[in-house]
Amino acid sequence: MAAHLATMPAALFLLMLIPALCSLGRAMSRDEKQKLRTQVVEMFDHAYQNYMDHAYPADELMPLTCRGRVRGLEPSRGDVDDALGKFSLTLIDTLDTLVLLNKTVEFEAAVRRVLSDVRLDNDIVVSVFETNIRVLGGLLGGHSMAVMLKEEGQHMRWYQDELLHMAKDLGLRLLPAFNTSSGLPYPRVNLRYGVRGPETRTGTETDTCTACAGTIILEFGALSRFTGDPVFEAHARRALDFLWEKRQRNSNLVGTTINIHSGEWVRRDSGVGAGIDSYYEYLLKAYVLLGDDQFLQRFNIHYASIMKYISQPPLLLDVHIHKPLLPARTWMDSLLAFFPGLQVLKGDIRPAIETHEMLYQVTKKHNFLPEAFTTDFRVHWAQHPLRPEFAESTYFLYKATGDPYYLEAGRTIMDNLNRFARVPCGFAAMKDVRTGSHEDRMDSFFLAEMFKYLFLLFADTEDLRFNVEDYIFTTEAHLLPLSLSTAPHAPSVPPNRTIPQSEQELDDSNFDWTCPNTRLLFPDPAFPRNLREPIRSAVDKSCPRPAPYREPGMGAPPLRAQDFMANSPEHLELLRRMGVSLIHLKDGRVQLVQHAAQAVSPIAAEDGVRFMQEMMELSSQQQKEQLPPRAIQIVSHPFFGRVVLTAGPAQFGTDLSKSSTGVRGFVTVAEPYTGCSEITNGEYVRGHIALLQRGQCMFAEKARHIQKAGAIGGIVVDDNEGSSSDTAPLFQMAGDGRNTDDITLPLLFLFHKEGNILLEALKEYREVEVLLSDKARDRAAIFKGADVREAEEDCQTEATTPASSVPIGQPSESRAAESESEATSSQEDRDTSPSQREDVRPTEAEAPKADAGEKEEGRVDADAAGRSADELLADWRDDLEAFRQMEKDEL
């Protein structure tokens, strides 16, 4: 083992040290690389300084509203918030990034802040996985850098392992989660109370993801070796041993979710993306860091199965662990983008190049990697929380091949971040890569990982103050020194466990490393498309029941789903006779429920069953035909295209996807605000984009009224207070059952939260100009190629058009109806998606729309609405001040 240990790092990192002898790409000059490197540092400064100015000591920055995200003070985002523990997450996660970017003064100040301000004994439930990789990893990475700087003698001379003491304190707070019969940790732990007892508010979970339990060994192993306390490494090893024992023995694959008590696989799909990804990563890196050959053997066995069953170059498709030749899905999630980098570490270069190229094509098509995408490049989940995995693989492939093609890929990443994600207070996650709309979110991993890999991509040896090859990157890109491999540690095998014969000796093939293949496999960017034929699963087509026999004189034929109008008293009476009732939901939709016993006759009950089945089939068809979201981009002073609102499309009027320029104009509130009668302020609406309120009549009727008044477009704002595109499915406005070819202007829909942003802009600035389009446009394109700063200077004028008053409360009114069945769900089964590192909420499927006017129950409370407006206005003014400050910075 000692011989392997001495030679292993040199052999392993040979791939990253040897440059390509020749390259098909154009070499990048040192000046170009220096310029890009400087740009990376400027981008980091923009993100980090805004966090420190507007968010610290909160865990994360909310870059759209320029404030910190404090758990409990913001609306819950579900499991995503389990990463937040009121421990200044972003600052800790960023510590070693500061050193890598040569910001030693800032690093020293940041360490002092952590030591003086951060508390770890908070009564709060956090994710064991996220807290381990971000906070414990951040403290250990910061400690590694502090020790290195102290040894240099110029900085951190006062440092006495304080970050390491904090890391041990945190490790001890995480240990109670491992108190299970299997050794697999609970997914959550209370930092103050552990997992047992009612005060912990956790410890009742039964399942965890494979990556959650298998991504502990680097941080816990390093903690044990830094401190000399073997308990941490022992617990991490025990969890890995259990996962290894529970692998499917025929396929040698692991599932995505496992029961922490019984060891049964809860989700049996297997891949290299969300839920499993870093388990494989940590097996190989544990061998590198800790020097235990057993980790390498396990990784190689898994890797052989991955390449046999999951890898279909350039695709990586999930399979079932018991039937590995059967695909489990026809789409991939963005977390698998780390895998080409891991393949470089393994030494398998060709498939790494193939998969990376496929990811690059997806990136160029959508500007960012969507959270999930199909095998033919289509968006499956449209979010992008600024994940760094593609940049990570780009860096490792450049180190392995020396091909400047990957420098250009890095430039593309930077350009897209600056063009589409950069906002005045940082960088905002993309809510929808199709429209360019933003989410008020900048995760800590953006600072911890993205800028490390981009800086290293363009850096030469003399640009770094230490040899990065002396460290290994954790899954959060924290730097742990390889010297830990020789530090004292716990025995690799517990005393009560015997080593199977198969594990006692390692075959020499475990230590074979392939040579880098520097030949660019895809000189033609279109070529990978020929390899990506969509894999489609069979569709279960259900057949409608035949119509029951009707005796002569038994009445008219039953109501058909495609003819149903929710505002028709006749249709509502027919539903009642069939035993079908309507339930008005809070978000404006209508739910259809059938109780056969309430039907007036057995034949009517059978008609009701048939109607419900037709409605479900119609819903499924509408989901397939659903239009993508649209964008409303505020282009006037002081926004200049930086604010993008996600909008729902209409099934009538101008198709913005066929317009290269979109529709641009100033916004005017229509009178009446509902738009349900002739517009009385036509002189202001003419040539403008009319703002309307949802309700009291059908969308097509509103469109006709503002079109008659001379409007060039319309925006309908939801009257359901609190609705938001963050939480509600995309809304699509349907017609009124008549021919709508006469409607020639575009009409878009905004939920209440996004609509209020526009209304508050009108209150603050009487002239607000917007661009209605299929997706957010580049600012340079909006201003027709002119310098954006010149355009901003030219737009410093006061508004002159009077803005109409906006009614706060409206009487009880009708709204569009959307039908769905309670007895049998009309929505397709939803796949579990990644968030943070593991799951992201997918957009829900829409039920069929019958744009009509059923009555609301109750009205909007005017006082509540007023309070909400005041709070929103306060936030808006904070936002406005940030915009003004950015103007000063740019000018």
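Keep in mind that what you see is a predicted model, and the values were worked out from it rather than measured. (Residues numbered from 1 in each chain as written. Predicted model: local features only at pLDDT ≥ 70, side-chain atom pairs only at ≥ 80, totals over all residues. Heavy atoms only, no water.)

(A) Structural detail: the overall build of the chain. Check the secondary structure of the chain and you find 26 helices and 31 strands. The proportion of buried residues among the 891 residues of the chain is 61%. When contacts within the chain are restricted to residue pairs at least 6 apart in sequence, those whose partners lie at least 24 apart make up 74%. Here the chain displays about 35200 Å² of accessible surface, and carbon together with sulfur accounts for 50% of that area. (Helix = DSSP H or I, 4+ residues; strand = E, 2+ residues; numbered from the N terminus. Buried < 20%, exposed > 50% of the residue type's maximum accessible area, 1.4 Å probe, protein only. Contact = heavy atoms within 4.5 Å. Areas by Shrake-Rupley, 256 points an atom, 1.4 Å probe, with all protein chains shown as cover.)

(B) Local environment of the packing of aromatic side chains. What the rule picks out here adds up to 27 aromatic pairs. The interplanar angle of 40 degrees and the centroid separation of 5.4 Å between the aromatic rings of F178 and F220 together place this pair among those described as tilted. Taken as a pair, F178 in the loop between α7 (162-174) and β4 (188-190) and F220 in helix α9 (residues 217-227) lie far apart in primary sequence, 42 residues in all. Judged by relative accessible area, F178 falls into the buried class, the value being 2%. Clustering of aromatic rings is evident, with ring pairs tying together F44, Y48, F427, F446 and F451. The ring of W244 has R247 sitting right over it, with the charged end atom 3.8 Å from the ring centre. (Phe/Tyr/Trp six-rings, centres within 6.5 Å; stacked < 30°, edge-to-face > 60°. Lys NZ or Arg CZ within 6 Å of the ring centre and 35° of its normal.)

(C) Here's a closer look at the pattern of salt bridges. The tally for this structure, following the rule as stated, stands at 48 salt bridges. The shortest N-O distance in the salt bridge between R134 and E60 comes to 3.4 Å. Residue R134 is located in helix α6 (residues 128-152), and its partner E60 is located in strand β1 (residues 60-62); the two are separated by 74 residues in the primary sequence. Like E60, R134 is buried. Here R576 makes a salt bridge to E573, at a shortest N to O gap of 2.6 Å. (Salt bridge = Lys/Arg side-chain N within 4 Å of Asp/Glu carboxyl O.)

(D) Spatial organisation of the sheet that holds strand β29 (residues 769-773). Strand order in the open sheet formed by seven strands is β24-β23-β29-β25-β26-β27-β28, with mixed pairing between adjacent strands. Each end of this open sheet is capped by a strand with a single partner; those strands are β24 (643-647) and β28 (747-750). Sheet twist, expressed as the average angle between the axes of neighbouring strands with direction ignored, equals 35 degrees. Sheet topology places strand β23 (residues 630-634) next to β24; five bridges connect them, and they run antiparallel. In the strand pairing of β24, A631 is matched with T646. (Pairing = 2+ DSSP bridges. Axes fitted to C-alpha atoms, helices over the stretch in contact; angles between N-to-C directions.)

(E) Molecular detail of helix α15 (residues 389-401). Between the first and last C-alpha of α15 there are 18 Å, a value that for 13 residues agrees with the 18 Å anticipated at 1.5 Å per step. Judged by how many residues are buried, α15 sits mostly within the fold: 12 of 13 residues are covered. Within α15 the residues assigned to the buried category are E389, F390, A391, E392, S393, T394, Y395, F396, L397, Y398, A400 and T401. With its phi angle positive at about 70 degrees, G402 sits one or two positions after the end of α15. (Expected span 1.5 Å × (residues − 1).)

(F) Spotlight on the sheet that holds strand β7 (residues 265-267). With antiparallel pairing, the three strands of this open sheet are ordered in space as β5-β6-β7. If you trace the sheet from one side to the other, it starts and ends with β5 (207-209) and β7, each paired once. Mean inter-strand twist for the sheet, computed between neighbouring axes without regard to direction, equals 35 degrees. Pairing analysis gives two bridges linking strand β6 (residues 257-259) to β7, with the strands arranged antiparallel. Pairing of I258 across the sheet is with W265, part of β7.

(G) Seen up close, the environment of S311. Tracing the sequence through the fold places S311 in strand β9 (residues 311-312). By relative accessible area, which is 10% here, S311 ends up buried. In sequence terms S311 and G271 are 40 residues apart; their C-alpha atoms lie 9.0 Å from each other. With residues up to four places along the chain from it excluded, the contact list for S311 reads I306 and L316.

(H) Broad picture of the confidence of the model for the chain. The pLDDT averaged across the chain works out to 79; a share of 74% of its residues lies at or above 70. Low pLDDT, under 50, characterises residues 795-869; the stretch is placed with 234 contacts to residues that sit more than four places away or in other chains. Per-residue pLDDT stays below 50 along residues 886-891; that stretch engages in 11 contacts with residues further than four places along the chain or on separate chains. (pLDDT = per-residue confidence, 0-100.)

(I) How the structure looks around helix α22 (residues 699-708). Counting buried positions along α22 gives seven out of 10 residues, so the element sits mostly inside the fold. G710 lies just past α22 and shows a positive phi near 100 degrees.

(J) A look at the state of the cysteines. All told, the structure shown has three disulfides when counted by the stated rule. A disulfide bridge connects C209 with C212, and the sulfur atoms are separated by 2.1 Å. The chirality of the disulfide connecting C209 with C212 is right-handed, given an S-S dihedral of about 90 degrees. Like C209, the residue C212 is buried in the burial classification. (Disulfide = S-S within 2.5 Å.)

(K) Spatial organisation of the side chain of H366. If you trace the backbone, H366 turns up in helix α14 (residues 349-366). Leave out the neighbours within four places in its chain, and H366 touches F377, V379 and V433.

(L) Structural view of the packing of α14 against helix α16 (residues 405-421). Put simply, α14 and α16 touch, their axes get as near as 12 Å, and they point 30 degrees apart. In terms of orientation, α14 lies roughly parallel with respect to α16. Handedness of the α14/α16 crossing: left-handed. Residues I353, H356, E357, Y360, Q361 and T363 of α14 pack against Y405, Y406, E408, A409, T412 and N416 of α16. (Parallel < 35°, antiparallel > 145°, perpendicular 65-115°, else oblique. Left-handed = near helix turned anticlockwise from the far one by under 90°.)

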